[in-house]
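Topology and contacts: notes
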Amino acid sequence: MRVVVVLMLMFVVACKHSQVDKLPILGNKDVVQKEVNGVMVTDTVYQTIPDFEFINQNGKPVTQQSLNGKIYIADFFFTTCPTICPAMKRNLLTVYNQFKENDTVAILSHTIDPVHDSVAVLKDYATRLGVTSGQWYFVTGNKDSIFQIAQYYLVSAHEDEQAAGGLLHSGHLVLVDKQKRIRGLYDGTVEEDASKLIKDIDILLKEL
Amino acid sequence: MKYSCFLLFLLFITSCAEGPSGESLYIGQCAGCHGKEGEGLGQLIPPLADSDFIRKNNIRLSCIIIHGLEGPIVVNGVTYNSSMPGVPKLKNADLVNLINYIHKRWYNDKPMTTIPIVSDELAECK
């Protein structure tokens with residue numbers, strides 16, 4: 001009888017646990033077979049964001065190590081962007097103000113025009129936007145490295161003579177967890193997506 | 001009866017130009033940068049609401065909207081220096097609706113503009 005009660009309790013707890021919101025893991029994945037205790041088991045290996053080295057608006061290097069133990073939001077922009085960037089930054093500003101005091105949340109905005117967007121230009125941009133503290137990094141670096149890493153974030157970015165500003169990029173905000181996996185993609189130009197992003201950050205922060 | 005209906009009809013067609021409303025044009029063309037409430041974006045993008053720059057009577061909004069704006073400007077004591085892209089394809093009728101929307105929303109004391117006024121202004125843009 002006691003066993004039945006314990007089993008029932010476990011069942012109830014397990015069911016309650018599965019009702020907690022959990023964000024999906026996005027991106028490419030490999031299904032691999034591996035041997036565990038002599039038995040072949042199927043495991044899913046999710047794509048992660050590889051290491052990088054860029055420089056932020058304060059002239060300091062930013063790498064994956066800088067973001068260890070943190071969840072972060074990544075996006076791609078350029079300071080002279082005439083179209084989607086202001087709307088993206090406005091929405092990111094809402095996210096930034098919400099989590100400014102929380103050390104575990106960072107924002108990583110990459111410029112896709114490193115020739116124009118030097119450290120000084122990024123510093124001026126960040127200050128004008130109202131970002132003077134917290135963990136919103138505006139980074140520049142090697143152009144090829146930036147374009148390459150954009151692909152890992154499932155964001156397209158490339159030069160295009162036809163595009164306004166000469167550069168074409170998607171306005172996605174990408175939510176990355178502590179294991180460097182993508183957990184959400186949001187349209188940075190849509191206010192409702194920014195609200196969803198804030199809710200999802202709260203969910204992700206609760207994840208162990 | 002028919003006469004007053006006709007008069008009402010005339011009043012209707014002359015007070016708004018045809019085409020998309022000023023509000024929908026503002027949301028589609030301007031709000032992304034200048035904000036839904038015309039608040040701008042920090043010190044990156046100037047506000048449209050309560051802007052001393054716009055209050056100046058010699059400002060030609062039509063030129064700015066069509067051709068954009070380069071170079072530093074001072075708005076309410078803050079210097080802005082990003083470049084504003086113009087919307088060159090905007091038709092005169094749409095321009096009238098958009099400017100009248102901006103005036104009505106934030107600058108009640110400014111008069112309504114019309115297609116002839118806007119045409120003349122655009123001919124004078126530098």
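Further up the page is the structure itself.
Quick summary incoming for the structure in this document. As the structure is a computational prediction, the values presented were derived from the model and not from experiment.

What the rule picks out here adds up to 12 salt bridges over all chains. Each of A:Lys22, A:Asp177, A:Arg181, A:Arg183 and A:Glu207 takes part in a single network of salt bridges with overlapping partners.

This paragraph deals with the interface of chain A and chain B. With 10 residues of chain A at the interface, the matching set in chain B holds 17 residues. Summed over the three residues of chain A that lose the most area to chain B, namely A:Pro86, A:Arg90 and A:Arg128, the buried surface amounts to 62% of that side. There are 2 salt bridges connecting chain A and chain B. Linking B:Glu39 and A:Arg90 is a salt bridge whose minimum nitrogen-to-oxygen distance equals 3.7 Å. For the interface between chain A and chain B, the tally reads 7 residue pairs in polar contact (both at pLDDT 80 or more). Put simply, the parts of the chain that give the side of chain A that touches chain B at least two residues each are helix 2 (85-99) and helix 3 (119-129) of chain A. Here the element with the most residues in the side of chain A that touches chain B is helix 2 of chain A; it accounts for 5 residues. Among the residues forming the side of chain A that touches chain B, the class breakdown is 6 nonpolar, no polar and 4 charged.

Residues and elements named next belong to chain B. Mapped onto the secondary structure, serine 51 falls in the loop between helix 3 (31-34) and helix 4 (52-55). Among the polar contacts made by the side chain of serine 51, one reaches the main-chain amide nitrogen of isoleucine 54 at a distance of 3.1 Å. In contact with serine 51, other than residues within four places in its own chain, are Val75, Asn76 and Tyr107.

Turning to the state of the cysteines, a few remarks are in order. Residues and elements named next belong to chain B. Throughout the structure, instances matching the rule amount to 2 disulfides over all chains. In this model cysteine 63 forms its disulfide with cysteine 125; the gap between the sulfur atoms is 1.9 Å. Across the S-S bond of cysteine 63 and cysteine 125 the torsion is about -90°, and the bridge reads as left-handed. Here cysteine 125 lies in the segment after helix 7 (115-124) and cysteine 63 lies in helix 5 (residues 61-67), a separation of 62 residues in the sequence.

Calculation criteria
Residues numbered from 1 in each chain as written. Chains lettered and ligands numbered in written order. Predicted model: local features only at pLDDT ≥ 70, side-chain atom pairs only at ≥ 80, totals over all residues. Heavy atoms only, no water. Salt bridge = Lys/Arg side-chain N within 4 Å of Asp/Glu carboxyl O. Contact = heavy atoms within 4.5 Å. Buried area = accessible area lost by both parts, 1.4 Å probe. Polar contact = N/O pair within 3.5 Å; in protein donor to acceptor, adjacent residues only side chain to side chain. Helix = DSSP H or I, 4+ residues; strand = E, 2+ residues; numbered from the N terminus. Nonpolar A, V, L, I, M, F, W, Y, C, P; charged D, E, K, R; others polar. Disulfide = S-S within 2.5 Å.

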